[in-house]
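Observations on the model geometry
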Amino acid sequence: MLMPLCCYMVLSLLFTLSLTGCDADNEYDVDHRCFFNFDTNLHNTSIIRHALNPLSSGTFAWVYTSQKSGIIVVNTQLNDGVTSGQDNITTAKENYSSYILGTNNGLLIGYSSLGNGLFAFDRQCPNCIKDYNLYKYALSWANNGQWVKCANCKRVYDLNNFGVVVEGDKGSKLIRYKAFYDGTLLTVRN
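Please read these numbers as outputs of a predicted model, since none were measured by experiment.

**Some points on the overall build of the chain**
- The helix and strand tally for the chain stands at 4 helices and 12 strands.
- With an accessible surface of roughly 10600 Å², the chain has 53% of that area assigned to carbon and sulfur atoms.

**Here we look at the pattern of salt bridges**
- Enumeration according to the criterion identifies 1 salt bridge in this entry.
- With a closest N to O distance of 2.6 Å, E27 and R176 form a salt bridge. Here E27, found in the loop between helix 1 (5–20) and strand 1 (35–39), pairs with R176, found in strand 11 (residues 176–181); they are 149 residues apart in sequence, far enough to count as distant.
- By relative accessible area, R176 is classed as buried at 7%.

**Regarding the packing of aromatic side chains**
- In the structure shown here, the tally under the stated rule is 5 aromatic pairs.
- With 6.0 Å between their ring centres and 20° between their planes, F36 and F38 make a pair best called stacked. For the pair shown, F36 and F38 are each scored as buried.
- On the basis of an interplanar angle of 25° and a centroid distance of 4.7 Å, the ring pair of W62 and Y64 is categorised as stacked.
- A relative accessible area of 19% places W62 in the buried class.
- Using a relative accessible area of 27% as the deciding quantity, one classes Y64 as partly exposed.
- Each member of the aromatic cluster is reached from another via a ring pair, and the members are F36, F38 and Y99.

**Quick word on the sheet that holds strand 1**
- Spatial strand order, 1-12-11-6-5-2-3-4: 8 strands in an open sheet with antiparallel pairing. With partners counted over all chains shown, the strands left at the sheet margins are strand 1 and strand 4 (84–89), one partner each. The mean inter-strand angle of the sheet, taken between neighbouring strand axes irrespective of direction, is 25°.
- The pairing of strand 11 with strand 12 (residues 185–189) spans 4 bridges and is classified as antiparallel. Within strand 12, the residue paired with A179 across the bridge is V188.

**Some words on the nonpolar core**
- Grouped together as the largest cluster of nonpolar side chains are 26 residues, with contacts concentrated most on F36, I48, V63, L107, I109, L186 and V188.
- Those residues in contact with V63 that sit more than four places away from it in its chain are F36, I48, V74, N75, T76, L101, N105, G106, L107 and I109.

**Here's the deal with the side chain of R123**
- Mapped onto the elements, R123 comes out in the loop between strand 6 (118–122) and helix 4 (126–132).
- Nearest to the buried, unbridged R123 among oppositely charged side chains is D122, at 8.4 Å.
- Sequence-distant contacts of R123, defined by excluding residues within four places in its chain, comprise W62, G106, L107, L108, Y137, A138, L139 and S140.

**With respect to the sheet that holds strand 9 (residues 156–158)**
- Strand order across the open sheet formed by 4 strands is 7-8-9-10, with antiparallel pairing between neighbours. Two strands lie at the open edges of the sheet, namely strand 7 (140–142) and strand 10 (164–167), each paired on one side alone. Averaged over all neighbouring strand pairs, the angle between strand axes comes to 45°, with direction disregarded.
- Bridge count between strand 9 and strand 10: 3 bridges; the pairing is antiparallel.

**A look at the environment of D31**
- You can see D31 is positioned in the loop between helix 1 and strand 1.
- As a C-alpha pair, D31 and I175 span 144 residues in sequence and 9.6 Å in three-dimensional space.

**Here's the deal with the side chain of H32**
- Mapped onto the elements of the fold, H32 is located in the loop between helix 1 and strand 1.
- Once you skip the residues sitting within four places of it in the chain, H32 turns out to touch T103, I129, Y135, I175, Y177 and N190.

**Topic: the pairing of strand 1**
- Across the 5 residues that make up strand 1, a large majority, 4, are buried.
- Where strand 1 lies against strand 12, 5 bridges are found, and the strand directions are antiparallel. Bridge assignment links F36 to a residue of strand 12, and that residue is V188.

Thresholds applied
- Residues numbered from 1 in each chain as written.
- Predicted model: local features only at pLDDT ≥ 70, side-chain atom pairs only at ≥ 80, totals over all residues.
- Heavy atoms only, no water.
- Helix = DSSP H or I, 4+ residues; strand = E, 2+ residues; numbered from the N terminus.
- Areas by Shrake-Rupley, 256 points an atom, 1.4 Å probe, with all protein chains shown as cover.
- Salt bridge = Lys/Arg side-chain N within 4 Å of Asp/Glu carboxyl O.
- Buried < 20%, exposed > 50% of the residue type's maximum accessible area, 1.4 Å probe, protein only.
- Phe/Tyr/Trp six-rings, centres within 6.5 Å; stacked < 30°, edge-to-face > 60°.
- Pairing = 2+ DSSP bridges.
- Axes fitted to C-alpha atoms, helices over the stretch in contact; angles between N-to-C directions.
- Core = buried A, V, L, I, M, F, W, Y, C linked by side-chain atoms within 4.5 Å.
- Contact = heavy atoms within 4.5 Å.
- Lys, Arg positive; Asp, Glu negative; His and termini not counted.

What follows is the structure in C-alpha cells.
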C-alpha cells in the first residue's frame, strides 16, 4: 500500500524534530549548574511541601541553602512573603548529595495556577546576567507572589506562565530547570 506524498512529508518532519529534540526555544537551561534533591519524607513539616502540592497551584517557594555550625540548612519562604522555614540536612544520604541551586544559590519552585505543571526557576534575573554579567540581583516577590521582580532592571516575570516578562523591557524569560516530584523526592537539575 502506497502512502500519499504528504504523509511522507509529515513523517519526515516528525523524524527531523525528534532528532533535534523539539527544543527550539531551550525550555530548560543548560548553561548554569543546578542540582537539588530534597526528601519531603525526612522533612515532613517543611514549608517547601506547600509549594509541591499540585492542589495548591500558584503557591511558590523560594529555596536557598546556608550553613550553620557545619550543617547544611535548606531555607524556604512561601510567596506570601511571610511564611518561612528551615530544614537541617543531617542524614548521611542527604549530606552525600550536592546542593547547587542555580546561578547564585536560589530557586523558585511551585505549581503553575494555569495548569502548566511544576516549575523550578533560578532566582536571579536572566537579563541582568545576560546584559551585565551580574549575578547579585535576586528576584523578589511581586503581585501577591505570583510574579517576581528584579530590583536592578525592573523587569517583572510571571511565575505561572513559564517565567515570561510581563512588565518592563522585553527580554529573556526566567532561567528554568527540570523539576520532578514523586510525592517524596524533589529533584531539580539540568
